[in-house]
Amino acid sequence: FWPGNTVTVKDLLYGILLPSGADAVQAAAITVSGSVSSFIDLMNEKAAELGMNDTHFANATGLHDSDHYSTAHDMAILLQYCIQNDTFCQILLTPSYTTGPIDASGTTVTLSSSVWSMVNNGENSYSIDGFLGGKTGYTTEAGRCLASHAEVNGMHLILVTGQSEGTGHV
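Residues numbered from 1 in each chain as written. Predicted model: local features only at pLDDT ≥ 70, side-chain atom pairs only at ≥ 80, totals over all residues. Heavy atoms only, no water.

Caption draft 1: Fine view of the pairing of strand β5 (residues 155-164). Bridge analysis of strand β4 (residues 143-152) against β5 gives 8 bridges, and the strand direction is antiparallel. The residue bridging E151 from the neighbouring strand is H156, located in β5. Adjacent in sequence and paired antiparallel, β4 and β5 are bridged by 2 residues, among which N153 carries a positive phi angle near 50 degrees. (Pairing = 2+ DSSP bridges. Helix = DSSP H or I, 4+ residues; strand = E, 2+ residues; numbered from the N terminus.)

Here it is as structure tokens:
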């Protein structure tokens, strides 16, 4: 998204979760809290409320900062909380999404999931039965990360990985 675009909150949520759009994160933070710094304060309050005792957010995008840290355990706590929200789960299940018009000319944007491009998507992807979605992340310091969930044999599973190497997110 670009300055001056008109996007819905729904478009922002898809932009945050599917391609990890920093533009959508920043716009959502300002929309929710009036400023990015106020939103980060809310993020840290929620982390404390959820018992994420080894997490501190210094930015809304997840980019590296020496004061921005978490653990796989805390990310699992966060994902467990998030998957209780039906909208969140629906977005995670979506391989791609096209926004409504974002400008006067009727331009739309198609957002693609960094997860579903690699899972259950044909012969060049991983086949994972029961996979319900996930959220990727990457920084040089953290490596390739994935918080994901699946249902296997009636069990709901959450898996968080980090510091992975390679060229793909999954």
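Caption draft 2: Molecular detail of the nonpolar core. If you look at the biggest cluster of nonpolar residues, it comprises 25 residues, and the most contacted ones within it are Y14, I16, L17, L18, F57 and F88. Those elements that place two or more of their residues in this core are α1 (9-17), α2 (22-33), α3 (36-50), α4 (72-82) and α5 (86-92). The contact partners of F88, leaving out residues within four places of it in the chain, are L17, L79, C82 and I83. One finds V115, V119, F131 and L146 within the second-largest nonpolar core, a separate group that totals 5 residues. (Core = buried A, V, L, I, M, F, W, Y, C linked by side-chain atoms within 4.5 Å. Buried < 20%, exposed > 50% of the residue type's maximum accessible area, 1.4 Å probe, protein only. Contact = heavy atoms within 4.5 Å.)

Caption draft 3: View of the packing of α1 against α2. Two numbers describe how α1 lies on α2: the axes approach to 8 Å, and their chain directions differ by 135 degrees. By the criterion of interaxial angle, the relationship of α1 to α2 is oblique. The two elements α1 and α2 cross, and the hand of that crossing is left-handed. Here L12, G15 and I16 of α1 lie close against α2, whose contacting residues are A24, V25, A27, A28 and T31. (Axes fitted to C-alpha atoms, helices over the stretch in contact; angles between N-to-C directions. Parallel < 35°, antiparallel > 145°, perpendicular 65-115°, else oblique. Left-handed = near helix turned anticlockwise from the far one by under 90°.)

Caption draft 4: Inspection of the state of the cysteines at higher detail. Taken as a whole, this structure holds 0 disulfides when the rule is applied. Note on C82: no disulfide assigned, nearest cysteine sulfur contributed by C89 at a separation of 8.9 Å. For C82, a relative accessible area of 19% gives the class buried. On the basis of relative accessible area, C89 is assigned to the buried category, the value being 17%. (Disulfide = S-S within 2.5 Å.)

Caption draft 5: Geometry of the pairing of β4. Across the 10 residues of β4, 7 count as buried, placing the element largely inside the fold. As paired elements, strand β3 (residues 131-139) and β4 share 8 bridges and run antiparallel to each other. Counted as the bridge partner of G134 is S148 from β4. Between the end of β3 and the start of β4, which pair antiparallel, lie 3 residues.

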